[in-house]
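Residues per chain, in single letters:
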Amino acid sequence: MSTQIVNIQPLSQPVDLGVEAATFSPEVEAEIDRHLAKYPVIRSAILPLMFIVQRERGYLDPPGVLYLANRLKVRVTDIWEVATFYSMIHTQPIGKYHIQVCKTLSCKIMGAGKVTEHCSQKLGIKVGETTADGRFTLSEVECLGSCGTAPMFQIGFDYHENLTPEKIDQILDKLP
Amino acid sequence: MRIAAIGCEPLQLRRVHLEDSQTLDVYRRNGGYEALKKVLDGMSPDDVINEVKKSSLRGRGGAGFPTGMKWSFVPKDSPKPKYVVCNADESEPGTFKDRYLMERDPHMLIEGMLIAAYALNSKTCYIYTRGEYKYLIDIMDVALEEARKAGLLGDKILGTDFSCEIHTHTGAGAYICGEETALLSSLEGLRGHPRMKPPFPAVSGLYAAPTVVNNVETLTAVPDIIKMGGEAYQKLGTEKSGGTKLWSVSGHVKLPGVYELPMGYDDMEKFIMEDCGGMLNDKQLKACIPGGSSVYIMRADQIIGKDVRMDYEGLVAAGSSVGSGGFIVMDETVDVFESTKNLTEFYKHESCGWCTPCREGTDWLVKVFKRIENGGGRPDDAQLMLDLVDNIEGKSFCPLGDAASWPIQSAIKRFPEDFKRRLSTDFTD
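Everything numeric in this text was worked out from a predicted model, so none of it was measured.

(A) Spotlight on the overall build of chain A. Check the secondary structure of chain A and you find seven helices and four strands. Starting at the N terminus, the α and β elements of chain A follow one another as α-α-α-α-β-α-α-β-β-β-α. Relative to its length of 176 residues, chain A is extended, with a C-alpha radius of gyration of 20 Å against a globular reference of 16 Å. By its C-alpha atoms, chain A is 70 × 50 × 30 Å across when sized along the principal axes. Residues classed as buried in chain A amount to 38% of the 176 residues present. When contacts within chain A are restricted to residue pairs at least 6 apart in sequence, long-range pairs at least 24 apart make up 59% of them.

Next up, the structure:
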């Protein structure tokens, strides 16, 4: 019986993602430094930094992940572990404008279904899809804290409330 | 949307209608930072905690734990740094009051946090805001910078020996992070999983140091408690529920919005039918969830003509609870089977996956709801759902499991007709 030698790498071994870490402008680096300075334990800055990487690169891509692992002095798996927990962190490309229609109770009873339907028809995509030109992604999300001004959606970080079909048309048509 | 105080002088909503209410200048011209000055001018940390105890202020995030008591659990002799963390993760469906407090009156939160930090000998505070509220983080950052420049934040505040820094922090879309121990996990840069209690955060919280986590509305009540005295604040409400409370009203009313009421406001029916403008399109009231999605749903006949008192004890007596004060009003067109399915989907999505009863239970419940909706209802389905809920409630790691259970229990019990007609035969509740 032959013995097969198995090499078990120590956990601290860097994972090779096959990509180079992302780089950012001095301004962005300074912004990142300001976040890191807030905490006695730098890992705490993981979510604020993920949002910055997303803003700069469109989504949290492997070079961005590698950058964060280096910057926060943690393993690549630590970054993935956190990234996959939070619904606002995207590990796949999404549209330039992410339309997030609130579907939870107050919005639902005030007509969230019609908002989704209208967006879906207008953009020619179903919930969860992105338009072919990469401009719009349509999602249904849970409560966004806008219940008194239902129905509503968020595009990126912008709140759009008390929506009607006309208002939705105006908002979407005005986007650059 | 309406923002108004009913039945009391506006306390938390005192400045929200003023022009540029978010600025330091307007805040100071309207009584702002007087409480901080009073504290630094001659109150000891224990004096502050005692005033808060006397006020009967209870945590406004949902659990309703007495704030003064929570503060007194922080060990004074601990050599570790102490932290004050503001829970601005407002994600309970139906709740949106903290959003307007931070948007319109950010300095009130800063002052409340500084007073809490003084009472607890804390030098570092964090405001944990849900990721979707990015615009509020921007508003808070501007306000913090204003305060820093005016000597109200940072080293030697107002020329005294008290130094304290407040930082904003962002979540990234996870309801569970409103649970205080999950919030602390998230703030440490981990997945937002709740932690075992004890040790409670007051003993071992952020970075294993003593930590107090308070809701925005709780902390913004503190400056007024200091200014008027704990006793006077308590008298605005009832003996066990001091002060005023903000209610976020949504759903089928003519005037949804944020309402400040004295604790113990005497009539929930009047609140819906008059103060909130009555039912939208003059339809009939069918149901109301008074404290955010996690509390028991109430039938109209538990409200109409029942003089339901709006405070912690009054709502429990009426068959529900205050929770976060997220008031969702539903008219006769709402099918409670569907509304309960909607909330169950919410809890399934937001279950963090840490413990089996909640992770598997909420998923199973959604499957049952979907099967029934698609015409596959079976006579014993109501019992199946109650059995599933019974295996979650009180058996999950954190209160999210209870929160997922209560809407279903109360809906099946109080609106059996909406379930019955989808199941092949009758059932008794």
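(B) View of the overall build of chain B. Summing up its helical and strand segments, chain B has 17 helices and 10 strands in all. Against the 2.2 N^0.38 benchmark of 22 Å for 429 residues, chain B shows a C-alpha radius of gyration of 22 Å, consistent with a compact globule. Seen through its C-alpha atoms, chain B measures out along the principal axes to roughly 75 × 45 × 35 Å. For chain B, buried positions account for 57% of its 429 residues. Counted over contacts in chain B with a minimum sequence separation of 6, partners at least 24 positions apart contribute 71%.

(C) Layout of the nonpolar core. Membership of the largest hydrophobic core comes to 172 residues, with the highest contact counts inside it found for Met50(A), Val85(B), Met113(B), Ile115(B), Ala116(B) and Cys288(B). The element best represented in this core is helix H6 (residues 106-120) of chain B, accounting for 11 residues. Those residues in contact with Met50(A) that sit more than four places away from it in its chain are Leu60(A), Leu68(A), Ala83(A), Ile89(A) and Ala172(B).

(D) Region of the structure containing the interface of chain B and chain A. At the junction of the two partners, chain B supplies 46 residues and chain A supplies 34 residues. Every element with two or more residues in the side of chain B that touches chain A is listed here: helix H7 (134-149), strand S4 (165-170), strand S6 (244-251), strand S7 (257-262), strand S10 (326-331) and helix H13 (336-350) of chain B. Ranked by residue count, the leading element in the side of chain B that touches chain A is H13(B), at six residues. Residue classes in the side of chain B that touches chain A are distributed as 19 nonpolar, 20 polar and seven charged.

(E) Representation of the domain arrangement of chain A in the model. Looking at chain A, the domain boundaries give domain 1 (26-83) and domain 2 (97-174). Averaged C-alpha coordinates put domain 1 of chain A and domain 2 of chain A at centres separated by 29 Å.

(F) The domain arrangement of chain B, seen in detail. All names here are of chain B. Along its sequence, chain B is carved into domain 1 (9-236), domain 2 (244-331) and domain 3 (337-420). Computed from C-alpha coordinates alone, the two centres of domain 2 and domain 3 are separated by 24 Å. Of the residues lining the interface, seven residues belong to domain 2; the matching set on domain 3 comes to nine residues.

(G) Broad picture of H7(B). Residues and elements named next belong to chain B. The end-to-end C-alpha distance of H7, which contains 16 residues, comes to 23 Å, matching closely the 22 Å that a straight helix rising 1.5 Å per residue would cover. For H7, the full list of buried residues reads Leu-136, Ile-137, Met-140, Ala-143, Leu-144 and Ala-147. Mapping the buried residues of H7 onto a view down its axis gives an arc of 125°, with all of them on the same face. Residues Asp-138, Glu-145 and Lys-149 are exposed on H7 and point more than 90 degrees away from its buried face. Contact partners of the buried residues in H7: helix H1 (24-29), helix H5 (97-104), H6, strand S3 (124-129) and S4.

(H) Focus on the sheet that holds strand S3 (residues 153-155) of chain A. Residue and element names in this part refer to chain A. Spatial strand order, S2-S1-S3-S4: four strands in an open sheet with mixed pairing. What marks the edges here is a single partner per strand, and that holds for strand S2 (136-141) and strand S4 (158-160). Strand-to-strand twist across the sheet, computed as the mean angle between neighbouring axes with direction ignored, equals 25°. In this structure, S3 lies alongside S4, joined through three bridges in antiparallel fashion. Each residue of the ladder has a partner; that of Ile-155, found in S4, is Asp-158. Relative to the sheet, helix H6 (residues 112-123) contacts strand S1 (97-102), S2 and S3, its axis offset from that of S1 by approximately 155°.

(I) Structural context of the sheet that holds S7(B). Residues and elements named next belong to chain B. Taken together, the six strands give an open sheet; going across it, the order is S1-S7-S6-S10-S8-S9, and neighbouring strands pair in mixed fashion. At either end of the open sheet lies a strand with only one pairing partner, and these are strand S1 (2-5) and strand S9 (298-299). Pairing analysis gives four bridges linking S6 to S10, with the strands arranged parallel. For Ser-248, the partnering residue across the bridge sits in S10 and is Gly-326.

(J) Structural view of the packing of helix H1 (residues 26-36) of chain A against helix H2 (residues 46-57) of chain A. Residues and elements named next belong to chain A. At a minimum axis separation of 10 Å, H1 and H2 run at an interaxial angle of 165°. Judged by the inter-axis angle, H1 sits roughly antiparallel to H2. Viewed along their axes, H1 and H2 form a crossing whose handedness is right-handed. Contacts from Val-28, Glu-31, Ile-32 and His-35 of H1 reach H2 at Pro-48, Leu-49, Ile-52 and Glu-56. Of the residues belonging to the contact of H1 with H2, the class tally is five nonpolar, one polar and two charged.

(K) Structural detail: the packing of helix H3 (residues 62-72) of chain A against helix H4 (residues 76-83) of chain A. Residues and elements named next belong to chain A. Two elements in contact, H3 and H4, have axes separated by 8 Å at closest approach and are oriented at 115°. Handedness of the H3/H4 crossing: right-handed. When H3 is examined against H4, the residues Val-65, Leu-66, Leu-68 and Ala-69 are found in contact with a partner set consisting of Val-76, Ile-79 and Trp-80. Looking at the contact of H3 with H4 residue by residue, the class counts come to seven nonpolar, no polar and no charged.

(L) The pairing of strand S5 (residues 211-215) of chain B, seen in detail. All names here are of chain B. A large share of S5 lies buried, amounting to five of its five residues. What you see with S5 is no split at all: Thr-211, Val-213 and Asn-215 on one side and Val-212 and Asn-214 on the other are buried throughout. Sheet topology note: the strand S2 (residues 83-88)/S5 ladder contains five bridges and is parallel. When the bridges of S5 are listed, Asn-87 appears paired with Asn-215.

(M) Looking closely at the environment of Glu27(A). Relative to the elements of secondary structure, Glu27(A) occurs in helix H1. Taking the C-alpha atoms as reference, Glu27(A) lies 23 Å from Val74(A); in sequence the two are 47 residues apart.

Cut-offs and rules
- Residues numbered from 1 in each chain as written.
- Chains lettered and ligands numbered in written order.
- Predicted model: local features only at pLDDT ≥ 70, side-chain atom pairs only at ≥ 80, totals over all residues.
- Helix = DSSP H or I, 4+ residues; strand = E, 2+ residues; numbered from the N terminus.
- Rg over C-alpha atoms; globule rule 2.2 N^0.38 Å.
- Buried ≥ 20, exposed ≤ 12 C-beta atoms within 10 Å, placed from the backbone.
- Contact = placed C-beta atoms within 7 Å.
- Core = buried A, V, L, I, M, F, W, Y, C linked by C-beta atoms within 7 Å.
- Nonpolar A, V, L, I, M, F, W, Y, C, P; charged D, E, K, R; others polar.
- Domains from an automatic or database assignment.
- Expected span 1.5 Å × (residues − 1).
- Arc of directions from axis to C-beta.
- Pairing = 2+ DSSP bridges.
- Axes fitted to C-alpha atoms, helices over the stretch in contact; angles between N-to-C directions.
- Parallel < 35°, antiparallel > 145°, perpendicular 65-115°, else oblique.
- Left-handed = near helix turned anticlockwise from the far one by under 90°.

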